[in-house]
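Structural description and commentary
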Amino acid sequence: MVKNPFVARPTKRSEYKIVFSTSKAEKGWQDLQATTLNALSDTWDALTKAPNREDATCHSLKGSLGKVTVDEVGHVRRQYELPGGARIWYYVTEGKPGTVHLLEVHTNHPHQTK
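Below or above, wherever it landed, is the structure these notes cover. (Residues numbered from 1 in each chain as written. Predicted model: local features only at pLDDT ≥ 70, side-chain atom pairs only at ≥ 80, totals over all residues. Heavy atoms only, no water.)

**Quick word on the packing of aromatic side chains**
Inspection of the entire model under this criterion finds two aromatic pairs. Ring centres of F20 and W29 lie 6.2 Å apart, and the angle between their planes is 75°; on these two criteria the pair is classed as edge-to-face. A residue is classified by how much of its surface remains accessible, and W29, at 9% relative accessible area, is buried. Residues W29 and W44 carry aromatic rings whose centres are separated by 6.2 Å and whose planes lie at 65° to one another, so their mutual orientation is edge-to-face. (Phe/Tyr/Trp six-rings, centres within 6.5 Å; stacked < 30°, edge-to-face > 60°. Buried < 20%, exposed > 50% of the residue type's maximum accessible area, 1.4 Å probe, protein only.)

Laid out in structure tokens, this is it:
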């Protein structure tokens, strides 16, 4: 019997991989899968192709929320906006491949950015 029958979505060499940086992000992702699967699939495509773009849907956060430190290294905290107020907060590291690190996945608009 197979331990984990789920097949992960493959990425191209030019695309970014996506990882959970917190268990809270993993839980939020699972919650979004249950409620907004189509939008989340589109989000996956956007984050693996161009996670650093700046537009109304995908952008860096401002002020004190705009920076996050992980292992004593500073990163720009970014936000991807989904329909209905859901938000994904993440940072990006470059490399071969680059990586999108999911910090928080909110099923509704987070109070910090209202």
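So that's the structure; there's more coming.
**A short note on the pattern of salt bridges**
Scanning all chains against the criterion turns up seven salt bridges. Ionic pairing is found between K27 and D31, a salt bridge with its closest N-O pair at 2.9 Å. In this pair, K27 and D31 are both assigned in helix α1 (residues 23-35), four residues apart and thus about one turn of the helix distant. The class of K27 is partly exposed, set by a relative accessible area of 47%. With its nearest N and O atoms 2.5 Å apart, the salt bridge here joins D55 to R53. A residue is classified by how much of its surface remains accessible, and D55, at 33% relative accessible area, is partly exposed. On the basis of relative accessible area, R53 is assigned to the partly exposed category, the value being 28%. (Salt bridge = Lys/Arg side-chain N within 4 Å of Asp/Glu carboxyl O. Helix = DSSP H or I, 4+ residues; strand = E, 2+ residues; numbered from the N terminus.)

**As for the packing of α1 against helix α2 (residues 37-49)**
Look at α1 against α2: their axes get within 6 Å of each other, and the N-to-C directions meet at 125°. Looking at the two axes, α1 sits oblique to α2. Contacts between α1 and α2 involve W29, L32, Q33 and T35 on the former and, on the latter, L37, L40 and W44. Tallied by class, the residues present in the contact of α1 with α2 amount to five nonpolar, two polar and no charged. (Axes fitted to C-alpha atoms, helices over the stretch in contact; angles between N-to-C directions. Parallel < 35°, antiparallel > 145°, perpendicular 65-115°, else oblique. Contact = heavy atoms within 4.5 Å. Nonpolar A, V, L, I, M, F, W, Y, C, P; charged D, E, K, R; others polar.)

**Focus: the nonpolar core**
Of all hydrophobic cores here, the largest spans 20 residues; its most connected members are Y80, L82, I88, Y90, V100 and L102. Counting only elements with at least two residues in this core, the list comes to α1, α2, β6 (87-93) and β7 (99-106). A per-element tally of this core places α2 first, with five residues. Sequence-distant contacts of L82, defined by excluding residues within four places in its chain, comprise L32, T36, A39, L40, T43, R87 and I88. (Core = buried A, V, L, I, M, F, W, Y, C linked by side-chain atoms within 4.5 Å.)

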